Amino acid sequence: MTTRKAHLVGVGESQYTKWGKITDETEHALTHKAILRAVADAGLSVDDVDGLASFAEDRNEAIFIAAELGIPELRFGNMVWMPGGGGGCAAVSNACMAVETGQAEVVVVYRSLCQGQFMRFGSGADTAGMVGGGEKPEVSLQQANTLMLSAMGNIMPFGMLTGAAAFALPFRRHMHLYGTTSEQLGKIAVTFRQHANNNARAVMKDKELTLEQHQESRMIADPFRLFDCCMENDGACAVVVTTAERARDLAKARGRRPVEVVASVQGTPKGYSFGSFTNANISDELYATGGTEQMANRLWEKADLKPEDVDVAQIYDHFTGSVLMQLEDFGFCKRGEGGDYVDSGALSVDGGALPTNTSGGSLSEAYMHGLNHVLEGARSLWGESCNNVANASVCLVTSAAGVPSSAILLR
């Protein structure tokens, strides 16, 4: 291990709330809060930071953040091209590349997402970004929708404006091919809710969920019911990446084990485009998958690890079906056997073969475009999770399936 091998050393977040509940702070201000908390958690100061990274056209640009926080010199500022939640682990990967090549010493990866202030595409609310001062310009619905027209022009006329509709189609194909059931999806949602019930940070910490409640919830986009879909939230989170040498010193001071980013990958299959949102481009053999199998194989090869080496996983869960597809893509079970794998109880912290989304994930902790999964990955190896897995030493973190994506392995 070289002294520049990237490690995670600190995490921080604002309060996570249901969308629209944060009215006294802007999304931009929450970015500051998350970064400062992550830096403090690492045992560092803002003066130590020289790099910032984010993803998916984050509205909170690094140059403004650096100026407002008083960072002495910004040596690395980066944003990922992987769309939406597909870029979370890629942002960490880019931060690792900066650290390992000497471009920067301490890089903070951040994501701030106030859906109550900006909503989502197709909602009719403003979708333009805020800059340094936090002013939100007036933008018409027509102008806002035009922002996505080039990528989604082939499907917009048919009304497919939501993630639920886009991702429902390939998963319905999965059900047709392999006999996967709605009850199996429900078990994913229920398991992650049980994990969130032990998490003081989780939006759904006080809301229990049963399989019966899942099955009785309203249909959003067949086969996805209400509790198959991630939440809409306000909040921000951040994670600090630095060198192995500095990580060892900080770990001693905090009494933590250094957490190495063993390997990282990002990318997309040939012709995949925007994935499920432009699914006419997807080949038949990839259509009923998460589109991440090639990437997963590269990850295992780079890390010289196998699925059975993973002790705990944080798998991007914008929809329950996408979790199941990734279990297959990453080799925890064979293609078409994801439903049976879920039925076995594998995802539970209570004796499961692969305890997954130990904080509750996007379904029950908070939807922060998946960066909170990276925070929980670090916590799960530090022994600081709300649902610790005994002797966990290897953690897989993935970003969104069904779009160009990314993943990291932590040890």
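All of these numbers come straight from a predicted model, not from anything done at the bench. (Residues numbered from 1 in each chain as written. Predicted model: local features only at pLDDT ≥ 70, side-chain atom pairs only at ≥ 80, totals over all residues. Heavy atoms only, no water.)

S.K.: Go over the overall build of the protein chain, please, and point to the residues and values.
M.R.: Looking only at helices and strands, one finds 16 helices and 13 strands in the protein chain. Relative to its length of 411 residues, the protein chain is compact, with a C-alpha radius of gyration of 20 Å against a globular reference of 22 Å. When the backbone C-alpha atoms are referred to their principal axes, the protein chain occupies close to 55 × 50 × 45 Å. A buried classification covers 60% of the 411 residues belonging to the protein chain. Relative to all contacts within the protein chain whose residues are 6 or more apart in sequence, the contacts with residues 24 or more apart total 77%. For the protein chain, the accessible area works out to roughly 16300 Å², and carbon and sulfur atoms hold 49% of it. For the protein chain, the distance from the average site of its 34 positive side-chain charges to the average site of its 48 negative ones is 1 Å. (Helix = DSSP H or I, 4+ residues; strand = E, 2+ residues; numbered from the N terminus. Rg over C-alpha atoms; globule rule 2.2 N^0.38 Å. Buried < 20%, exposed > 50% of the residue type's maximum accessible area, 1.4 Å probe, protein only. Contact = heavy atoms within 4.5 Å. Areas by Shrake-Rupley, 256 points an atom, 1.4 Å probe, with all protein chains shown as cover. Lys, Arg positive; Asp, Glu negative; His and termini not counted. Charge placed at Lys NZ, Arg CZ, Asp CG, Glu CD.)

S.K.: Outline the pattern of salt bridges, listing residues and values.
M.R.: The final tally for this structure, using the stated rule, is 20 salt bridges. Two residues, Asp 50 and Arg 75, come together in a salt bridge whose shortest N-O distance is 3.0 Å. Of this pair, Asp 50 sits in the loop between helix H1 (27–42) and strand E3 (51–55) while Arg 75 is found in the loop between helix H2 (62–69) and strand E4 (76–80), placing the two residues 25 residues apart along the sequence. Overall, Arg 75 belongs to the partly exposed group, its relative accessible area being 36%. Taken together, the salt bridges that share partners define one network made up of Glu 13, Arg 201, Glu 365, Glu 376 and Arg 379. (Salt bridge = Lys/Arg side-chain N within 4 Å of Asp/Glu carboxyl O.)

S.K.: Describe the packing of H1 against H2, and please don't skip the residues or the numbers.
M.R.: Where H1 meets H2, the closest approach of the two axes is 11 Å, and the angle between their N-to-C directions is 65°. On the basis of the axis angle, H1 is roughly perpendicular to H2. Here H1 and H2 pass one another in a crossing that is right-handed. In contact with His 28, Thr 31, His 32, Ile 35 and Leu 36 of H1, H2 contributes Phe 64, Ile 65, Glu 68 and Leu 69. (Axes fitted to C-alpha atoms, helices over the stretch in contact; angles between N-to-C directions. Parallel < 35°, antiparallel > 145°, perpendicular 65-115°, else oblique. Left-handed = near helix turned anticlockwise from the far one by under 90°.)

S.K.: Give me the lowdown on unusual backbone geometry, citing residues and values where you can.
M.R.: Residue Pro 223 is bonded to the preceding Asp 222 through a cis peptide linkage, with omega at 15°. Among the structural elements, Pro 223 can be located in the loop between strand E6 (219–221) and strand E7 (224–225). Backbone geometry at Glu 57 places phi at a positive 55°, although glycine is not the residue there. By secondary structure assignment, the location of Glu 57 is in the loop between E3 and H2. Relative accessible area serves as the criterion here: at 68%, Glu 57 is assigned to the exposed category. Even without being a glycine, Asp 304 presents a positive backbone phi close to 55°. If you trace the backbone, Asp 304 turns up in the loop between helix H12 (293–303) and strand E11 (312–314).

S.K.: I'd like a description of the environment of Lys 21, backed by residues and values.
M.R.: By the element assignment, Lys 21 lies in the loop between strand E2 (17–18) and H1. The class for Lys 21 is exposed, based on a relative accessible area of 59%. Between the alpha carbons of Lys 21 and Cys 114 there is a distance of 9.5 Å; along the sequence they are 93 residues apart.

S.K.: Describe the packing of aromatic side chains, listing the residues and the values that go with them.
M.R.: Within this structure, the stated rule accounts for four aromatic pairs. Consider the rings of Phe 224 and Phe 319, whose centres lie 5.2 Å apart with planes at 5°: the pair is stacked. A residue pair is termed long-range when its members are at least 10 positions apart, and Phe 224 in strand E7 and Phe 319 in the loop between E11 and helix H13 (320–329) qualify at 95 residues. This pair shows no difference in class: Phe 224 is buried, exactly as Phe 319 is. Each residue in the set Phe 167, Phe 171, Phe 224 and Phe 319 is aromatic and connected to the rest through ring pairs, giving one cluster. (Phe/Tyr/Trp six-rings, centres within 6.5 Å; stacked < 30°, edge-to-face > 60°.)

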